Amino acid sequence: MHIINVILFNFGRCSIDILANVLKEIRLSSRTYFCADFETPWGMDIPSSQHGGFHIAVTGEFYVYIKHNHKHIHLKEGDIIAFPLGAAHQLSDNNTDKAADSLLNGESVVEAILSGNNPFEPKGLSNSLNTVLCGAFNYDTSLNHPLFNDLPEYIHIKSSELPWLQGLVSVLSNETRTAKPGYSVLVDRLTEVLFIQLLRAHMLEKNADSGFLSALNDSKINAALTAVHQDLKGNINVGQLGELVGMSRTSFNQRFTKLVGESPKTYLTNFRLQNAKNSLLNNNSPIIQIAENAGYSSEAAFSKAFKRYYKVPPGSVRKKSAEQTLDN
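Attention in this report is confined to the structure presented alongside it. Just so it is clear, the structure is predicted and the values come from calculations on it, not from any experiment.

## Concerning the sheet that holds strand β7 (residues 89-92)
The strand order across the open sheet built from 5 strands is β5-β4-β7-β2-β8, with neighbouring strands paired in mixed fashion. Among the strands making up the open sheet, the edge pair consists of β5 (71-75) and β8 (104-105).

Structure representation (structure tokens):
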């Protein structure tokens, strides 16, 4: 059967959710650090980080200061702000500019609260209280996926804008505070749900004509991405992708590159190398088999491409995975 017919057959049988697939590829994980009561005055400085972070005003209100553009954002009860790419920022009970050295370091605050020593612990009955929930999103930053280029510096969602937010915040805060059996797994999964909902909200608000998230809303490019993510044996090529979605090669290349942010060939190559890394980490398939599934006819050609992308050879990734398994 011609490869295009095979792809069309499989495409009709098992269409996949591209965003969910990509989140698995980048190894999205998340956690909630704490849900704690703060008595005014309070404030913390959060430096830039390789992982994302989020903050929720469970009760009361507080202010977020984004350092690089000197922007103040007012979070009211039930609102959430997320920094998908870990931009530096400050949290405090007022919108007055403060020097970083006058605020507590964010990591130190997390460590203190987790050890039972909340530095902003209420001293008694007070009307000046905020309940703040903070957590983080983590990804495999070794992957140069175009989704990262499309993530905004921050996403601010008001509880009045999205009805589902209040319910999710209520469950998250309750589970984090009560720490019932199994709460950590439940909270981590709920924060992953939160991240996906934030991306959805951003996609609706952005309404842009370029970027990876915009590509997911384009029927032809989404179909091409779906074909790529379903082709786990390295069979399809760029020309066949254009044929699959009914576009000329030139038109397809231009449209794909504009929306996704990189050419179809680059995306296809990188996707296969990302799959190869997952195979090296998660199964014991021979490297030559992994190479062939990535579209390479020899282990040497695969190793060269893999090292160019990840800066380490595939054998090192396999060895590191084996060592971690033994340590566990």
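Don't stop here, the text continues.
## Remarks on the sheet that holds strand β1 (residues 29-39)
Pairing is antiparallel across the open sheet formed by 5 strands, whose spatial order is β1-β9-β3-β6-β10. Strands at the two margins of the open sheet, each flanked by one partner only, are β1 and β10 (155-157). When strand polarity is set aside, the average angle formed by the axes of neighbouring strands in this sheet is 15°. As paired elements, strand β3 (residues 52-59) and strand β6 (residues 80-83) share 4 bridges and run antiparallel to each other. Across the sheet, residue F54 finds its bridge partner in β6, namely A82. Here helix α5 (residues 163-178) sits on the sheet and contacts β1, β3, β6, β9 (129-138) and β10; the angle it forms with β1, its principal contact strand, is near 80°.

## Points about helix α10 (residues 249-260)
Its 12 residues place the ends of α10 16 Å apart at the C-alpha level, agreeing with the 16 Å of an ideal helix rising 1.5 Å per residue. Among all positions of α10, only F252, F256, L259 and V260 are buried. The buried residues of α10 occupy one face: seen down the axis, they fall within an arc of 80°. Turned more than 90 degrees away from the buried face of α10, the exposed residues are T250, Q254 and K258. In the core, the buried residues of α10 are packed alongside α4 (146-150), α7 (212-215), α8 (219-230), α9 (238-244) and α11 (264-282). Two residues or fewer past α10, G261 is found with a positive phi of approximately 100°.

## Section: the pattern of salt bridges
Tallied over the entire structure, the rule returns 6 salt bridges. Taking the shortest distance from any N to any O, the salt bridge between D45 and K67 comes out at 2.7 Å. Here D45 is found in strand β2 (residues 43-46), whereas its partner K67 is found in the loop between β4 (62-66) and β5, with 22 residues between them in sequence. The salt bridge involving D218 is made with R255; its shortest N-O contact spans 2.9 Å. Placement of D218 in the loop between α7 and α8 and of R255 in helix α10 is noted, with a sequence separation of 37 residues between them.

## A short note on the packing of aromatic side chains
Enumeration according to the criterion identifies 17 aromatic pairs in this entry. Here F252 and F256 contribute two aromatic rings whose centre-to-centre distance is 5.6 Å and whose plane-to-plane angle is 55°, an arrangement assigned as tilted. Of this pair, F252 and F256 both sit in helix α10, separated by 4 residues, roughly a single helical turn. When its relative accessible area of 0% is taken as the criterion, F252 is described as buried. You can call F256 buried: its relative accessible area is 1%.

## Observations concerning the nonpolar core
Most often, soluble globular proteins have nonpolar side chains that are buried together. Counting residues in each nonpolar core, the largest one holds 71 residues, and the members touching the most others are I56, L194, F212, L225, F252, Y267 and F302. No other element matches helix α6 (residues 183-206), which puts 8 residues into this core. Beyond its immediate sequence surroundings of up to four residues, I56 is in contact with F62, D79, I80, T131, V132, L133, V169, L172 and L194. With 22 residues, the next largest nonpolar core counts F34, M44, V109 and V110 among its residues.

## Describing unusual backbone geometry
Note on backbone geometry: most residues besides glycine have negative phi, and most peptide bonds are trans. P41 follows T40 through a cis peptide bond whose omega is 0°. Along the chain, P41 falls in the loop between β1 and β2. Phi at H70 takes a positive value of approximately 55°, unusual for a residue other than glycine. Following the sequence through the fold, H70 ends up in the loop between β4 and β5. According to the relative accessible area criterion, H70 is exposed, its value standing at 56%. Backbone geometry at K311 places phi at a positive 70°, although glycine is not the residue there. As for its position among the elements, K311 is in the loop between α13 (299-310) and α14 (314-327).

Procedures and definitions
- Residues numbered from 1 in each chain as written.
- Predicted model: local features only at pLDDT ≥ 70, side-chain atom pairs only at ≥ 80, totals over all residues.
- Heavy atoms only, no water.
- Pairing = 2+ DSSP bridges.
- Helix = DSSP H or I, 4+ residues; strand = E, 2+ residues; numbered from the N terminus.
- Axes fitted to C-alpha atoms, helices over the stretch in contact; angles between N-to-C directions.
- Contact = heavy atoms within 4.5 Å.
- Expected span 1.5 Å × (residues − 1).
- Buried < 20%, exposed > 50% of the residue type's maximum accessible area, 1.4 Å probe, protein only.
- Arc of directions from axis to C-beta.
- Salt bridge = Lys/Arg side-chain N within 4 Å of Asp/Glu carboxyl O.
- Phe/Tyr/Trp six-rings, centres within 6.5 Å; stacked < 30°, edge-to-face > 60°.
- Core = buried A, V, L, I, M, F, W, Y, C linked by side-chain atoms within 4.5 Å.

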